[in-house]
Amino acid sequence: MISKGAQDRKRTFLIITIVTVALFFCFNTLPLIKGFIYSFTNFKGYGSYEWVGLRNYKDLFGDARVGKSYLFTFKYAVVGTIITNIVSLMLALGLNSKIKGKSALRGIYFIPNVLGGLVIGYIFSFFFTYVLPVIGQSMGIEGLSSSMLSSTDKAWIAIVIVGCWQAIAMNTIIYISGLQTVPEDVYEAGAIDGVTGWKKFKSLTFPLIIPFFSINMVLCMKNFLMVFDQVMALTKGGPSQSTESISYLIYNNGMSGGQFGFQSANAFLFFVVIVAISVIQMTATGKKEEQL
């Protein structure tokens, strides 16, 4: 027979679950459904609208601006994910070693993740616009003598730098958590067999932190694909729309450009793309884990 205390706990957990599901539906599922419905209309964000069927989706594939934004976003996401994971893994290995003050260093390296994306973006905007050109001119480096944000070839690099600088913090913490799960016995056994240095990392450490690597790759790629704050603060899609990400294009043209229906279709397509990429990543890393 179930006791009264157990019944109360069960009722409490049920209430919490119902409230959580209700909030998730209201602020996530419902907007997604409404956006999907609007994607079949010519809704401008105000006034009346008409059903246009699949026209918005067909127009997406013929819109050069949309194609350019997808190209920039994927380029940014791939480069950012690679750089972030390499640097954060190196930092995690260093911060997990036997060094003095590593707890303080972990806190310092985590600060970028605490700050807001727009705040960081505006700070770096000042640095790229005023500080870096002065340094470049004083050192005679022509490539840095003018603002990177005003160059169609270099602006995306500045956004990658800012995005990685902020993303490395969380990735490093996750890698440190993974490294702390590796038993010391494994390293001791490896040392007996003469496994040291790069071979130690390749044969012992990395295979045991594959699940954490998988988490970082999926979250990193997803976050970089959804880049918005850095673009908003640094370039606003410029110069000449060379750094216009998909999220910024959806926001800018959907909310203030009178393309609510069209950009709703873009948003739903983007949602499908992100889900597909995440599933492919998890499947690939899952197979890797099984092999190990």
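Refer to the structure above for everything that follows.
All of the points below concern the structure found in this document. Note that the coordinates shown come from a computational prediction; the quantities given were computed from them, not determined experimentally.

Parameters at a glance
Residues numbered from 1 in each chain as written. Predicted model: local features only at pLDDT ≥ 70, side-chain atom pairs only at ≥ 80, totals over all residues. Heavy atoms only, no water. Helix = DSSP H or I, 4+ residues; strand = E, 2+ residues; numbered from the N terminus. Buried < 20%, exposed > 50% of the residue type's maximum accessible area, 1.4 Å probe, protein only. Contact = heavy atoms within 4.5 Å. Polar contact = N/O pair within 3.5 Å; in protein donor to acceptor, adjacent residues only side chain to side chain. Salt bridge = Lys/Arg side-chain N within 4 Å of Asp/Glu carboxyl O. Phe/Tyr/Trp six-rings, centres within 6.5 Å; stacked < 30°, edge-to-face > 60°.

### A closer look at the environment of Ser245
- Examined against the element boundaries, Ser245 turns out to sit in the loop between helix H10 (229-234) and helix H11 (246-255).
- Residue classification places Ser245 among the buried residues on the basis of a relative accessible area of 0%.
- Taking the C-alpha atoms as reference, Ser245 lies 6.4 Å from Phe72; in sequence the two are 173 residues apart.
- Look past the residues within four positions of Ser245 in its chain and what remains in contact with it is Ser69, Phe72, Thr73, Val227 and Val231.
- Among the polar contacts listed, one links the side chain of Ser245 to the backbone oxygen of Val227, at a separation of 2.9 Å.

### Here's the deal with the pattern of salt bridges
- Summed over the entire model, instances satisfying the criterion amount to 1 salt bridge.
- Arg65 serves as the salt-bridge partner of Glu244, at 2.6 Å between the closest nitrogen and oxygen. In this pair, Glu244 sits in the loop between H10 and H11 while Arg65 sits in helix H3 (residues 64-95), placing the two residues 179 residues apart along the sequence.
- Glu244 sits in the buried class, given a relative accessible area of 3%.

### A look at the packing of aromatic side chains
- What the rule picks out here adds up to 23 aromatic pairs.
- An angle of 85° between the planes, with centres 5.0 Å apart, marks the rings of Phe36 and Phe40 as edge-to-face.
- When its relative accessible area of 19% is taken as the criterion, Phe40 is described as buried.
- When the centroid spacing of 4.5 Å and the interplanar angle of 45° are considered together, the rings of Phe36 and Phe268 count as tilted.

### Thoughts on the side chain of Ser88
- Here Ser88 is to be found in helix H3.
- Judged by relative accessible area, Ser88 falls into the buried class, the value being 0%.
- A distance of 2.6 Å separates a polar atom in the side chain of Ser88 from the backbone oxygen of Thr84.
- Here Asn85 takes part through its backbone oxygen, which lies 3.3 Å from a polar atom of the side chain of Ser88.
- Excluding residues within four positions of it along the chain, Ser88 makes contact with Ile168, Asn171, Thr172 and Tyr175.

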